[in-house]
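Structural features, examined
For reference, the chains in residue letters:
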Amino acid sequence: MEKRLPREKLIEMYRKMLRIRHFEDRIYRLFLSGTMPGTIHLSQGQEAIAVGVCANLSKDDIITGTHRSHGEALAKGVSMKSLMAELFARSNGCCKGKGGSMHVGDIDVGMLPAIAIVGGGIPVATGIALAFKMKRLDRVAVSFFGDGASNEGAFHEAINMGAIWDLPVIYVCENNLYGASTHVSKVMKLKDIANRAFSYGIPGVVVDGNDVVAVYEVARKAIDRARKGEGPTLIECKTYHIGGHSRSDPRQYRDKEEEKRWLAKDPIPRMKKKLIATNILSSEKSENIEAAIEKEIDEAIKFAQSSPSPKPEDALRDVFA
Amino acid sequence: MYLLKVKENKLRNLTVAEALREAIREEMRRDESVFCIGEDIGIKGGWGGAFTVTLGLSEEFGHERILDTPISELGIAGIAVGAALAGMRPIADVEYGDFIFLAMDQLINNAAKLRYMSAGKLKVPMVMRIPVGASGRGAQHAQSLESYFVHVPGLKVVCPSNAYDAKGLLKTAIRDDNPVMFFEHKLLYGAKGRREGIDARGEVPEEEYLLPFGVAEIKREGEDVTVVATLRMVYAALSAAEELEKRGISVEVIDPRTLTPLDLETILKSVHKTNRLIIVHEDNLTGGWGAELATRVTSEAFDWLDVPVTRIAAPDTPVPFAPIMENYFVPNSEDIVRTAASVLGKS
């Protein structure tokens, strides 16, 4: 598969995954040290999905995310500085301090503030796709959500409506096996969430969510199909969130063997190994990439920390247009 | 057949349903981004929604712009939010207001908050049409729901009581850049209400007009007591005012027309004159919008009040079915007459 993609594209996808990983590793430490307010839901282990899907999108396409969307934000093009400033609750954050970790996004690059009600973004993305279709625009909407969301009524109602109207929307389910601490097998009889697609009469595809190239290819097909007016696809990406639910999760509900098994499938070392084995990436180039990412993160932190806080009374603005 | 007769009437005495339909038709002709989405709204041979408001519109605008949906209220509301975010102006319909509870997450967490969460970058220009009020259909097709939404920052709340207001306010709602919850009372639409003695028809001019939000209408001037009422209760208040006039009590009746924004100024001015305020709504008493208005008037105009602000509302029960119980449940003009007399010490 990799052979069909240009080397630059592969390296770029690797770099983007690594950038998300380093970003989240760093903010995790900042949170633990008490430097950042709020809470965080990290996506370490799921980077291939955000990157593989968004590599097919332009700025005009619109995505909806979830409470766990730092990765999607970076992959869709939200600037790291504005994202960092948002997490630091500063006035030049991507939502000027009115979003925070669970609502990151910037419509200027085609990402709504992430919707942190499980399943809540799925109808919204469907409505965006309806607008694209009515306006005859060559744009698609992508809704990212987790396995838990597929048990919400919002999932069922919205996908059914996206299906009957052949809307240009892609439903990307990041099945990381857990809704908070509950394993998916406890709350769903189906093995593959993608099979739910067939009850709406649309294609459902299972993909290895820890293989960025596989995600890229599956998403490309679904997006091409949507752009041609052939309607939505449900893509289920099998994955795992290495760090558990949120920042203070000791993960006692998880089997250590399971964690080990999935750690071996970590999408980033896996991609790196392949790129080095195929001589696409040299270790020197790899080090340069890492150094550049670290520098970008340092600068983003500096930017965020030197940014002003919002004025308290800014809380009263932006209620009505 | 009734509809045809009205169309031939040169005076253009329209029902609320006709006035709403005309507002939608005009706005859809004016602006391609306006469309309707809901259950049973455009089906050929269907009813034009539960209350005929969209009847005939799919013939002019096609089924793409009069978009029939599955029975999926959450989906309808969420899709309207998304379409609005992406530049359309949806008018969404839920048949009976009571079904809106299925859509609350989309309205309250998304429609009302996305502008705020985006720090003003996004706007959600959508109208949610919500039929309310008891009309002989039992507990789940009867509620008055305005207060739920008055509580939510980011939503506008409109509740027209007659055809003229319905048309002018709906046109404004469609052009508003915010989510507007548009409440229509089931007994004010047309024939059914008239059988019960409520006639919300009114002269609607041929020329285009829009009515601003946040401007109350003084339906009747008076000196002794102010009665603030909306929707069906406006009619109860007006008929009470006539009765009270016979007893030498002069009543000022105010219809706020929109609850968010609320024209508090007009109400305060009236209270300054009458020194007495009665608030009437069909919603349950506890936590209704009347409580909010009572507090505001009491805080702003305590010195002008001769007696405490009084609320007349439905009791704190679900809406009963049996007509004899429903009539007891819904506040009526006798309740207002009695309360006004008592407030004036003339009971």
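Note that the structure is a prediction, hence the values are computed from the model and not measured. (Residues numbered from 1 in each chain as written. Chains lettered and ligands numbered in written order. Predicted model: local features only at pLDDT ≥ 70, side-chain atom pairs only at ≥ 80, totals over all residues. Heavy atoms only, no water.)

Before going further, it helps to examine the overall build of chain A. Scanning chain A for helices and strands turns up eleven helices and seven strands. The C-alpha atoms of chain A give a radius of gyration of 19 Å, which matches the 20 Å a tight globule of 321 residues would have. The principal-axis extent of the C-alpha atoms belonging to chain A is close to 55 × 50 × 40 Å. Within chain A, buried positions represent 57% of all 321 residues. (Helix = DSSP H or I, 4+ residues; strand = E, 2+ residues; numbered from the N terminus. Rg over C-alpha atoms; globule rule 2.2 N^0.38 Å. Buried < 20%, exposed > 50% of the residue type's maximum accessible area, 1.4 Å probe, protein only.)

Take the overall build of chain B next. Tallying secondary structure elements over chain B gives 14 helices and 14 strands in all. In terms of its C-alpha atoms, chain B occupies a principal-axis envelope of roughly 60 × 50 × 40 Å. Considering chain B as a whole, with its 347 residues, one finds that 62% of them fall into the buried category. Counted over contacts in chain B with a minimum sequence separation of 6, partners at least 24 positions apart contribute 81%. (Contact = heavy atoms within 4.5 Å.)

Moving on, we come to the side chain of threonine 233 of chain A. Residue and element names in this part refer to chain A. If you trace the backbone, threonine 233 turns up in strand E7 (residues 233–238). Overall, the relative accessible area of 4% leaves threonine 233 in the buried class. With near-sequence residues (within four places) excluded, threonine 233 lies in contact with Val169, Ile170, Tyr171, Ile202, Pro203, Val205, Ala222 and Arg225.

Attention now goes to the interface of chain B and chain A. Listed by partner, the interface residues are 43 residues for chain B and 38 residues for chain A. A buried area of about 3,200 Å², summed over both sides, lies between chain B and chain A, and 71% of it is on carbon and sulfur atoms. Among the residues of chain B in contact with chain A, Ile79, Tyr116 and Met117 of chain B are the three that bury the most area, contributing 22% of the side total. Linking chain B with chain A are three salt bridges. Between lysine 121 of chain B and aspartate 106 of chain A there is a salt bridge, and its shortest N-O distance comes to 2.8 Å. Our enumeration of links across chain B and chain A arrives at twelve residue pairs in polar contact (both at pLDDT 80 or more). Elements represented by at least two residues in the side of chain B that touches chain A include exactly strand E2 (34–38), helix H3 (57–65), strand E3 (66–68), helix H4 (73–85), helix H5 (104–111) and helix H6 (114–117) of chain B. Grouping the amino acids of the side of chain B that touches chain A by side-chain chemistry returns 19 nonpolar, 14 polar and ten charged. (Buried area = accessible area lost by both parts, 1.4 Å probe. Salt bridge = Lys/Arg side-chain N within 4 Å of Asp/Glu carboxyl O. Polar contact = N/O pair within 3.5 Å; in protein donor to acceptor, adjacent residues only side chain to side chain. Nonpolar A, V, L, I, M, F, W, Y, C, P; charged D, E, K, R; others polar.)

Residue and element names in this part refer to chain B. Reading across the sheet, the seven strands line up as E3-E2-E4-E5-E7-E6-E12 and stay open at both edges, with mixed pairing between neighbours. Since the sheet does not close on itself, it has two edges, and those belong to E3 and strand E12 (258–260), each with one partner. Shown here is a sheet whose adjacent strand axes are inclined to one another by a mean of 20 degrees, direction ignored. In terms of strand pairing, strand E6 (residues 156–158) meets E12 through two bridges, oriented antiparallel. Residue pairing in the sheet places valine 157 in a bridge with threonine 260 of E12. Of the strands in this sheet, E2, E3, strand E4 (89–93), strand E5 (127–132) and strand E7 (180–185) are in contact with helix H2 (residues 16–30), which crosses E2 at around 130 degrees. (Pairing = 2+ DSSP bridges. Axes fitted to C-alpha atoms, helices over the stretch in contact; angles between N-to-C directions.)

Let us look at the side chain of threonine 266 of chain B. All names here are of chain B. In this structure, threonine 266 sits in helix H11 (residues 264–274). Judged by relative accessible area, threonine 266 falls into the buried class, the value being 19%. Excluding its chain neighbours within four sequence positions, the residues that come into contact with threonine 266 are Ala216, Ile218 and Ile254.

Here we come to helix H4 (residues 80–87) of chain A. Residue and element names in this part refer to chain A. Of all eight residues in H4, seven are buried; the element is thus mostly enclosed. What H4 keeps buried is the set Met80, Ser82, Leu83, Met84, Ala85, Glu86 and Leu87. At the exit of H4 stands alanine 89, carrying a positive phi of roughly 60 degrees.

Time to look at the sheet that holds strand E6 (residues 204–208) of chain A. Residue and element names in this part refer to chain A. The strand order E1-E2-E3-E7-E6 describes an open sheet built from five strands, whose pairing is parallel. Edge strands, defined here as strands with exactly one partner in the open sheet, are strand E1 (62–64) and E6. Across the sheet, the mean angle from the axis of one strand to that of its neighbour is 20 degrees, orientation sign disregarded. By the bridge criterion, six bridges tie strand E3 (residues 169–175) to E7 in an arrangement that is parallel. Residue pairing for E7: tyrosine 171 is matched across the bridge by leucine 234. Set on the sheet, helix H8 (residues 212–227) makes contact with E3, E6 and E7; between it and E6 the angle comes to about 155 degrees.

The next thing to look at is the domain arrangement of chain B. Residues and elements named next belong to chain B. Each assigned domain of chain B is listed with its residue range as follows: domain 1 (2–203) and domain 2 (217–343). Here the C-alpha centroids of domain 1 and domain 2 sit 26 Å apart. The interface of domain 1 with domain 2 comprises 32 residues on the first partner and 24 residues on the second. Buried area between domain 1 and domain 2, both sides added, is near 2,200 Å², and the carbon and sulfur share of it is 57%. Across the contact surface, domain 1 and domain 2 share one salt bridge. Where domain 1 packs against domain 2, one counts twelve residue pairs in polar contact (both at pLDDT 80 or more). Listing elements by their share of the side of domain 1 that touches domain 2, those giving two or more residues are helix H7 (146–150), E6, helix H8 (163–175) and E7. When the residues that make up the side of domain 1 that touches domain 2 are grouped by side-chain class, the tally is 16 nonpolar, ten polar and six charged. (Domains from an automatic or database assignment.)

This brings us to empty space enclosed by the protein. Residue and element names in this part refer to chain A. Scanning the model with the defined rule gives six cavities of 30 Å³ or more in all. The computed volume of the largest cavity comes to approximately 60 Å³. Forming the boundary of the largest cavity are ten residues, of which Asp211, Val212, Arg270, Met271 and Lys274 lie nearest the centre. The set of elements that each furnish at least two residues to the lining of the largest cavity consists of H8 and helix H10 (267–277). Looking at the lining of the largest cavity residue by residue, the classes come out as five nonpolar, one polar and four charged. Estimates place the volume of the second largest cavity at around 50 Å³. Put simply, the parts of the chain that give the lining of the second largest cavity at least two residues each are helix H2 (47–54) and helix H3 (70–76). Tallied by class, residues from the lining of the second largest cavity come to two nonpolar, three polar and four charged. (1 Å grid on protein atoms, 1.4 Å probe; cavity = no way out; pocket = protein on both sides within 12 Å on 5 of 7 lines; lining within 4 Å. Points joined across faces, edges and corners; volume = space filled by probe spheres on them.)

Okay, the nonpolar core next. Counting residues in each nonpolar core, the largest one holds 157 residues, and the members touching the most others are Met128, Phe149, Phe183 and Val297 of chain B. Tallying contributions element by element places helix H5 (residues 121–134) of chain A first for this core, with nine residues. For this core, the two domains that each supply at least three residues are domain 1 (2–203) and domain 2 (217–343) of chain B. Those residues in contact with methionine 128 of chain B, other than ones at most four positions away along the chain, are Ala77, Ala92, Asp93, Val94, Ile100, Leu107, Val180, Met181 and Phe182 of chain B. (Core = buried A, V, L, I, M, F, W, Y, C linked by side-chain atoms within 4.5 Å.)

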